[in-house]
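# Overview (structure and organization)
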Amino acid sequence: MRTLVFIPAWNEEDSVTGVIAGVRQCLPDADVLVIDDGSTDGTAAQARAAGALVASLPFNQGVGAAQQTGYIYALREGYDICAQTDGDGQHPPQELARVVAQVRDGDADMAVGSRYLDPDIAEAGDYRASPMRGLGIRMFRAIVSASTHQRFTDTTSGLRALNRRAMALFGERLSSEFADVEALQRAVHQGLRVKEIPVRMLPRAGGDSFLNPARSLYYIYKTLVVLLAGHVRPRGSNSGSQ
């Protein structure tokens with residue numbers, strides 16, 4: 001099955017080369033696309049030097065826009081599976097391969113790697129969320145789980161794989177700021193089979209997160225509004241635009 005792995009990246013020149021190498025080691029038959037979301041550093045140049053395809057957005061538009069670019073490209077180029085992993089090196093490539101296998105084997109339309117489904121697999125030195133982010137994660141998973149009647153543990157995970165049915169859903173519409181969280185809610189409401197599997201997550205390999213404490217609080221507020229709107233939207237409704 002033709003597989004595309006895309007890597008949304010914003011100012012990740014220190015880590016993107018290692019991420020590309022890891023993907024190629026664990027998924028040697030997959031094509032790799034780096035979506036440069038308006039970076040101001042050498043992210044795009046490093047990705048090209050590593051031999052990846054590169055799509056450069058003209059300015060920073062948010063992770064949802066980068067992800068939607070990946071889905072649209074995968075659909076237009078005829079890929080059977082589309083997977084995503086972050087450009088900061090936090091997702092071990094072998095975990096990405098496990099997530100892809102769930103879709104390849106037909107166990108899910110959309111598979112998500114969860115840091116919290118099985119805490120026992122975490123090792124010393126693995127990623128730990130800050131108190132503010134931890135609060136947001138707990139709130140998001142409570143609302144998404146209640147809204148979908150399906151238990152979710154890691155609604156902000158950027159480690160995912162999708163088949164063409166799921167690609168088509170998000171290629172048509174995806175929130176620019178709240179893509180990871182809102183996508184789970186929409187996927188279940190549209191009747192997709194969504195499955196979490198336990199994965200490890202590492203600290204950032206380089207660069208800095210765009211979320212500081214103030215931005216984290218604002219992000220939590222805005223995401224809650226989006227989730228509540230999605231909760232009251234009739235199931236099966238896929239109207240609207242990005």
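Parameters and conventions
- Residues numbered from 1 in each chain as written.
- Predicted model: local features only at pLDDT ≥ 70, side-chain atom pairs only at ≥ 80, totals over all residues.
- Heavy atoms only, no water.
- Buried < 20%, exposed > 50% of the residue type's maximum accessible area, 1.4 Å probe, protein only.
- Helix = DSSP H or I, 4+ residues; strand = E, 2+ residues; numbered from the N terminus.
- Pairing = 2+ DSSP bridges.
- Axes fitted to C-alpha atoms, helices over the stretch in contact; angles between N-to-C directions.
- Contact = heavy atoms within 4.5 Å.
- Parallel < 35°, antiparallel > 145°, perpendicular 65-115°, else oblique.
- Nonpolar A, V, L, I, M, F, W, Y, C, P; charged D, E, K, R; others polar.
- Phe/Tyr/Trp six-rings, centres within 6.5 Å; stacked < 30°, edge-to-face > 60°.
- Lys NZ or Arg CZ within 6 Å of the ring centre and 35° of its normal.

The element helix 7 (residues 179-189) is extensively covered by neighbouring structure, given that eleven of its eleven residues are classed as buried. Where helix 7 is concerned, the buried positions are A179, D180, V181, E182, A183, L184, Q185, R186, A187, V188 and H189. Looking at the residues trailing helix 7, positive phi occurs at G191, about 85°.

Ordered in space as 3-2-1-4-6-5-7, the seven strands form an open sheet in which the pairing is mixed. Of all the strands in the sheet, the pair left with one neighbour each is strand 3 (53-57) and strand 7 (194-198). On average, adjacent strands in this sheet sit at an angle of 20° to one another, irrespective of strand direction. Running over the sheet, helix 3 (residues 63-76) touches strand 1 (3-9), strand 2 (31-37), strand 3, strand 4 (81-84) and strand 6 (160-163) and is turned about 160° from strand 1.

Once that is clear, we can look at the packing of helix 5 (residues 131-148) against helix 7. Between helix 5 and helix 7, whose axes approach to 10 Å, the crossing angle comes to 10°. It follows that helix 5 is roughly parallel to helix 7 by the angle criterion. Where helix 5 abuts helix 7, its residues F140, V144, S147 and T148 lie against V181, L184, Q185, V188 and H189. The residue inventory of the contact of helix 5 with helix 7, partitioned by class, reads five nonpolar, four polar and no charged.

In this structure, V16 sits in helix 1 (residues 16-26). A relative accessible area of 0% places V16 in the buried class. Through-space distance from the C-alpha of V16 to that of Q46 is 7.1 Å; in sequence the pair is 30 residues apart. Apart from the residues within four sequence positions on either side, V16 is in contact with V34, T43, Q46, A47 and G87.

This structure, assessed with the given rule, holds three aromatic pairs. Taking 5.4 Å as the distance between ring centres and 80° as the angle between the ring planes, the aromatic pair formed by F6 and Y71 counts as edge-to-face. With F6 in strand 1 and Y71 in helix 3, the pair connects residues that are 65 residues apart, well separated along the chain. On the accessibility criterion, Y71 (3% relative accessible area) is buried. Each residue in the set F6, Y71 and F170 is aromatic and connected to the rest through ring pairs, giving one cluster. Just above the ring of Y116 sits the side chain of R141; from NZ or CZ to the centre is 5.7 Å.

Remember, this is a structural readout, not a statement about activity or role.
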